[in-house]
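Chain residues, written in single-letter form:
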Amino acid sequence: MNESDQKPIIILEDVCKFFGDFQALRNINLQVKKGERVVVCGPSGSGKSTMIRCINRLEEHDSGKIFVDGRELTSAVKDIDAVRREVGMVFQSFNLFPHLTAINNLMLALKLVRKTKKSEAREIAMRFLERVHIPEQADKYPSQLSGGQQQRVAIARALCMNPEVMLFDEPTSALDPEMISEVLDVMTDLANEGMTMIVITHEMGFARNVADNIVFMDCGQIVEMKPTDEFFENPESERTKLFLEQIL
Amino acid sequence: MTFDIYLIFDSIPKMLAGIGMTLHLLFLSSFLGLILGIIILLMRISGRWYLSFPTFAYIYFFRGTPILVQIFVIYHGLPQFEAIRDSVFWPILREPFGCAILALTLNSGAYVSEILRGGYLGVDKGLHEAGKALGLSTPHRFIYVTTPIAVRLAIPAYSNDFISMLKATSLASTITLLEMTGVARTIVAQTFAPYEIFIAAAIIYLVMTWFLQRGFGLFEKRMSRYIKLSEA
Ligand SMILES: Nc1ncnc2c1ncn2[C@@H]1O[C@H](COP(=O)(O)OP(=O)(O)OP(=O)(O)O)[C@@H](O)[C@H]1O
Ligand SMILES: [Mg+2]
């Protein structure tokens with residue numbers, strides 16, 4: 001690995017987040033290097049979503065610092081825009097624009113944010129739909145697609161903006177069991193191509209296959225962060241052990 | 001009491017003389033009301049109290065008082081003020097037509113802004129977040145993501161309001177305008193047959209309502225293509 005591979009592209013330093021009086025994140029410290037795949041797990045309400053949503057400013061952290069590719073994330077619009085250009089996100093509920101066809105879902109931000117010409121945007125969008133194996137669904141509306149297909153369109157939509165980092169918030173939790181693997185396959189391909197990824201998931205098979213490191217969260221804290229094999233074979237904290245017993 | 005069914009059919013063509021004025025009032029005030037409603041909505045959701053506060057007062061006033069009272073206030077009340085008579089608006093406010101348009105527009109603006117707000121509130125929060133995550137600016141999200149969805153959600157309520165406006169135009173007859181109801185009243189004065197004449201007027205309103213409902217129905221269907229398709 002060369003030096004740039006070693007440099008953290010995402011750094012969270014003592015990040016805290018409150019919702020009113022309730023503290024959702026307690027002094028989170030996390031570093032993710034370029035090309036690294038991190039899986040985040042933990043019980044419901046432990047702050048997993050809140051943590052990754054702070055990285056692209058869907059939530060605003062109250063204290064601590066967040067850096068994305070060397071740029072500190074502040075409330076300045078310029079910083080927020082720059083960070084969002086580098087970070088793609090995939091949601092549990094897909095969040096495709098229902099009034100646009102699959103390909104137009106991809107083209108919208110290409111045209112408006114990247115200022116790509118329409119014909120070129122269409123080509124790029126088509127290329128990414130091929131990458132998630134659904135070019136033939138390009139002209140369908142989200143409501144005409146299965147859950148698995150919708151999520152793959154959502155992944156393609158984030159990818160076609162050419163992000164440095166991809167965030168996934170339980171991308172398969174809303175899917176019927178038979179559709180989970182088609183989405184995980186696309187994500188595994190992405191990981192193999194070297195994409196930097198932070199994935200919240202309960203799919204421990206996927207985690208074992210793909211993750212370099214696993215983060216375990218509970219009560220707004222990172223309880224444990226370890227290389228994958230070590231995490232499963234040799235969890236340190238009691239809370240992690242208990243959690244693993246429950247879901248494995 | 002006698003009832004002359006032929007008088008109904010005889011009077012319908014005569015009454016159509018007023019239909020132009022009715023449609024003029026309806027479309028002009030609805031169009032201006034739509035623009036006003038959008039401005040009021042933007043002020044209301046601007047997050048700045050000095051913009052949003054006046055909209056509450058405005059909406060409260062126009063939703064809380066009868067249109068007839070508003071028309072009378074504008075037509076009989078405003079000319080009392082010298083400042084109004086000296087202002088550039090006087091040529092408009094001097095005419096009953098201008099007063100009727102002003103009253104109907106202000107009324108429609110208040111309702112339309114509330115109807116559109118309902119549409120915007122109905123848009124899934126996740127779509128905002130997806131837009132943000134893709135780097136879309138606030139205006140871009142508003143124009144390309146929220147508005148098309150909100151508009152579709154607002155069509156049924158808007159079409160109701162539009163039909164209410166059609167009926168409200170009849171109030172303009174109270175300030176001498178010869179729209180359909182106004183024409184009907186003059187015919188009644190000549191024929192002394194209020195029953196037949198007003199039934200004829202009712203029939204024309206019903207026909208117009210039918211066309212409006214149908215028009216909005218088609219528009220809604222078109223805007224909902226992406227939902228209907230999934231049911232097929
Ligand atoms: N907008 C909000 N307002 C108030 N409280 C919130 C908000 N968002 C999250 N919380 C609270 O913060 C805590 C952490 O929420 P978060 O969604 O990050 O958990 P999570 O680990 O992603 O859980 P899950 O596995 O259920 O998705 C929860 O207790 C939640 O109730
Ligand atoms: Mg969550």
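Cut-offs and rules
Residues numbered from 1 in each chain as written. Chains lettered and ligands numbered in written order. Predicted model: local features only at pLDDT ≥ 70, side-chain atom pairs only at ≥ 80, totals over all residues. Heavy atoms only, no water. Helix = DSSP H or I, 4+ residues; strand = E, 2+ residues; numbered from the N terminus. Buried < 20%, exposed > 50% of the residue type's maximum accessible area, 1.4 Å probe, protein only. Contact = heavy atoms within 4.5 Å. Areas by Shrake-Rupley, 256 points an atom, 1.4 Å probe, with all protein chains shown as cover. Buried area = accessible area lost by both parts, 1.4 Å probe. Salt bridge = Lys/Arg side-chain N within 4 Å of Asp/Glu carboxyl O. Polar contact = N/O pair within 3.5 Å; in protein donor to acceptor, adjacent residues only side chain to side chain. Nonpolar A, V, L, I, M, F, W, Y, C, P; charged D, E, K, R; others polar. Pairing = 2+ DSSP bridges. Axes fitted to C-alpha atoms, helices over the stretch in contact; angles between N-to-C directions. Core = buried A, V, L, I, M, F, W, Y, C linked by side-chain atoms within 4.5 Å. Parallel < 35°, antiparallel > 145°, perpendicular 65-115°, else oblique. Left-handed = near helix turned anticlockwise from the far one by under 90°. Patch = residues over 30% accessible without salt bridge, like charges linked within 9 Å, V, L, I, M, F, W, Y side chains within 5 Å.

*Asks:* Mind laying out the overall build of chain B, listing which residues take part and the relevant values?
*Replies:* Secondary structure summary: chain B contains 12 helices and 0 strands in total. For chain B, the succession of helices and strands along the chain, N to C, is α-α-α-α-α-α-α-α-α-α-α-α. Considering only C-alpha atoms, chain B reaches an extent of 70 × 60 × 25 Å along its principal axes. Across the 232 residues that make up chain B, the buried fraction comes to 44%. The long-range share in chain B, meaning contacts at least 24 apart out of those at least 6 apart in sequence, stands at 78%. Carbon and sulfur atoms make up 69% of the accessible area of chain B, which totals about 12,600 Å².

*Asks:* So what's going on with the interface of chain A and chain B? Which residues, and what values?
*Replies:* Each side of the interface is counted separately: chain A has 23 residues, and chain B has 21 residues. Overall, the association of chain A and chain B removes approximately 2,000 Å² of surface from exposure, summing both partners, and the carbon and sulfur fraction of that is 70%. At the surface where chain A touches chain B, the tally comes to 1 salt bridge. Note that Glu129(B) and Arg53(A) form a salt bridge whose closest N and O atoms lie 2.7 Å from each other. Where chain A meets chain B, there are 3 residue pairs in polar contact (both at pLDDT 80 or more). Elements represented by at least two residues in the side of chain A that touches chain B include exactly strand S6 (87-90), helix H4 (102-112) and helix H6 (147-159) of chain A. A per-class count over the side of chain A that touches chain B returns 14 nonpolar, 5 polar and 4 charged.

*Asks:* Quick one: what's the story with the sheet that holds strand S10 (residues 221-227) of chain A, residue by residue and with numbers?
*Replies:* Residue and element names in this part refer to chain A. Taken in spatial order, the 6 strands line up as S6-S7-S8-S3-S9-S10 in an open sheet, and their pairing is mixed. Either end of the sheet is taken by a strand with one partner, and the two such strands are S6 and S10. The average angle at which neighbouring strand axes cross in this sheet is 15 degrees, direction not considered. Looking at chain direction, strand S3 (residues 37-41) and strand S9 (residues 213-218) are connected through 4 bridges and run parallel. Paired with Val-40 across the bridge in S9 is Val-215. Those strands touched by H6 are S6 and strand S7 (165-169), and its axis lies near 170 degrees from that of S6.

*Asks:* Go over the nonpolar core, please, and point to the residues and values.
*Replies:* Grouped together as the largest cluster of nonpolar side chains are 144 residues, with contacts concentrated most on Ile155(A) and Met166(A). The element that contributes the greatest number of residues to this core is helix H9 (residues 138-168) of chain B, accounting for 11 residues. Beyond its immediate sequence surroundings of up to four residues, Met166(A) is in contact with Gly88(A), Val90(A), Ile155(A), Ala158(A), Leu159(A), Leu190(A), Met195(A), Thr196(A), Met197(A) and Ile198(A). Ranked by size, the runner-up nonpolar core spans 5 residues in total, among them Ile40(B), Tyr58(B), Phe62(B) and Ala110(B).

*Asks:* Provide a residue-level description of the packing of helix H2 (residues 19-44) of chain B against helix H7 (residues 96-121) of chain B, including the pertinent values.
*Replies:* Residue and element names in this part refer to chain B. As a packed pair, H2 and H7 sit with axes 6 Å apart at the nearest point and diverge in direction by 45 degrees. Relative to H7, H2 is oriented oblique. Helix-helix and strand crossings are classified by hand; for H2 and H7 the assignment is right-handed. In the contact of H2 with H7, the residues fall into 17 nonpolar, 9 polar and 3 charged.

*Asks:* Quick one: what's the story with a nonpolar patch on the surface, residue by residue and with numbers?
*Replies:* Residue and element names in this part refer to chain B. Taken together, Phe-3, Ile-5, Tyr-6, Phe-9 and Tyr-195 make up a surface patch of nonpolar side chains, about 590 Å² in accessible area. One can find Tyr-195 in helix H11 (residues 194-223). On the basis of relative accessibility, which here comes to 44%, the residue Tyr-195 falls in the partly exposed class.

*Asks:* Can you break down the sheet that holds strand S2 (residues 22-33) of chain A residue by residue, with the values?
*Replies:* Hydrogen bonds between backbone groups are what pair the strands of a sheet, and the pairing can be parallel or antiparallel. Residues and elements named next belong to chain A. The antiparallel open sheet is built from 4 strands, whose spatial order is S2-S1-S4-S5. In this open sheet, the two strands that pair with only one neighbour each are S2 and strand S5 (71-72). Two strands pair when backbone bridges link them, and strand S1 (residues 8-19) and strand S4 (residues 63-68) are joined in this way by 5 bridges, in the antiparallel orientation. Note on S4: the bridge partner recorded for Cys-16 is Ser-63. Its contacts with the sheet place helix H2 (residues 48-55) against S1, S2 and S4, and it is angled at close to 60 degrees to S2.

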